[in-house]
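Read off the chains here:
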Amino acid sequence: MCGIAGIYNLRESRGYGDILRQMLAQIHYRGPDECGTFVSANVAMGNVRLNIIDLAGGTQPLSDENNRYWIVFNGEIYNYLELRDALQKKGCKFRTRSDTEVLVQLFALYGEDCLSRLNGQFAFAIWDKKTEELFLARDRVGIRPLYYTNYKGTFVFASEIKSILQFPLISQKINIKALRQIFTFWVPLSPNTIFRDIFELPPGHFMKISNGKSETKRYWELDFSNKENYSVAEAM
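What you see is a predicted model; the values in this text were computed from it and never measured.

## Section: the overall build of the chain
A tally of helices and strands in the chain yields five helices and twelve strands. The C-alpha radius of gyration of the chain comes to 18 Å, within 12% of the 18 Å expected for a compact globule of 236 residues. Overall size of the chain, expressed as C-alpha extent along the three principal axes, is 55 × 50 × 35 Å. Across the 236 residues of the chain, 50% fall into the buried class. Taking the contacts inside the chain whose residues are at least 6 apart along the sequence as the reference set, 55% of them involve residues at least 24 apart. The chain carries 29 positive and 26 negative side-chain charges, and their two centres are separated by 5 Å.

In structure tokens:
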């Protein structure tokens, strides 16, 4: 299953290693086999891992071959072997057999356009050491969770909300709008969560955070206007 968490301070350099480890401890059951962190001046990211693919070599956080991009990843890329072959033909070199390394190498080559090439379920974050930009993405239908908040210039994300609540002074106030949605639809409507100022990254979306600003964009949606995309079963 795995779990990810991270902190990015948009305005100043601070160390967040201890808080990150507390965040990961809250979701250790998602990844009981390993725990890894990447901590620098402005960003701290970590992963708790359930070993499935490349048990020995898939430890996270993991970088591309040039150590520019660092990834934490929850999920599985079903077509990673085909993607790996295509990347090798373009000259990419691999140190592991993991789908995580394929994903970060794919991003290094194609940027956000890598998402259209993925077949799988995923939530991941990639830190660009050169541009100091954080990139997050979630799979098309939201199989893998990803939550975030922005507290006074500090961006915090995780696979589960209780990890985010480990960050000092994060509000635990109820989102009344989301509560009404739960009573009506059984769940809050994306991007809302039950907590005020804590949101989920909607399915089929990615987010970029850099230079003190964040932007969220949709990269996929189901087109119901085209009848080839769906069918209606007739009752017998």
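## Topic: the sheet that holds strand S5 (residues 69-77)
The strand order across the open sheet built from six strands is S4-S5-S6-S7-S11-S12, with neighbouring strands paired in antiparallel fashion. Both edges of this open sheet fall to strand S4 (62-63) and strand S12 (213-218), since each of them pairs with a single strand only. Relative to strand S6 (residues 120-128), S5 runs antiparallel, the two sharing nine bridges. Counterpart to Val 72 in the pairing with S6 is Ala 125. Sitting on the sheet, helix H3 (residues 99-110) is in contact with S4, S5, S6 and strand S7 (133-138), with an inclination near 125° to S5.

## Here's the deal with a nonpolar patch on the surface
A surface patch of nonpolar side chains, amounting to about 500 Å² of accessible area, comprises Val 141, Ile 143, Trp 220, Leu 222 and Phe 224. In this fold, Val 141 is placed in the loop between S7 and strand S8 (147-151). The exposed category is assigned to Val 141, whose relative accessible area is 56%.

## Structural notes on the sheet that holds strand S1 (residues 3-9)
Reading across the sheet, the six strands line up as S2-S3-S1-S9-S8-S10 and stay open at both edges, with antiparallel pairing between neighbours. Strand pairing shows two members of the sheet lacking a second neighbour, strand S2 (34-39) and strand S10 (199-200), which therefore form its edges. As paired strands, S1 and strand S3 (residues 43-49) are joined by six bridges and run antiparallel to one another. Paired with Gly 3 across the bridge in S3 is Val 48. Contacts between helix H1 (residues 17-25) and the sheet are confined to S1, S2, S3 and strand S9 (154-158), with S1 contributing the most and set at about 155° to the helix.

Analysis parameters
- Position labels on residues start from 1 in each chain and follow its written sequence.
- For this predicted model, a pLDDT threshold of at least 70 governs which residues receive local features, and a threshold of 80 or more governs which side-chain atom pairs are given and counted, while totals over whole chains, interfaces and linings are taken from all residues.
- The side-chain quantities take in all heavy atoms of the structure and omit both hydrogens and water.
- Numbered from the N terminus, helices here are DSSP runs of H or I no shorter than four residues, and strands are runs of E no shorter than two.
- It is over C-alpha atoms that the radius of gyration is taken, and the globule rule equals 2.2 Å times the number of residues to the power 0.38.
- In this scheme, a residue with accessible area under 20% of its type's maximum is buried, one over 50% is exposed, and one in between is partly exposed, where area comes from a 1.4 Å probe on protein chains only.
- The contact criterion used throughout is that any non-hydrogen atoms of two residues lie within 4.5 Å.
- When charges are counted, neither His nor the chain ends are considered; positive counts come from Lys and Arg and negative counts from Asp and Glu.
- For this purpose, a charge sits on NZ of Lys, CZ of Arg, CG of Asp or CD of Glu.
- Any two strands between which DSSP finds at least two bridges are classified as paired.
- For helices, the axis comes from a line fit to the C-alpha atoms of the stretch in contact; other axes are also lines fit to C-alpha atoms, and the angle between any two N-to-C directions lies between 0 and 180 degrees.
- Patch construction takes residues with relative accessible area above 30% that form no salt bridge. Like charges are linked within 9 Å, and nonpolar side chains (Val, Leu, Ile, Met, Phe, Trp, Tyr) are linked within 5 Å.
- In this description, accessible areas are obtained by the Shrake-Rupley approach with a 1.4 Å probe, and a residue is regarded as covered only by the protein chains that are shown.
- Whenever a carboxyl oxygen of Asp or Glu lies within 4 Å of a side-chain nitrogen of Lys or Arg, that contact is scored as a salt bridge.

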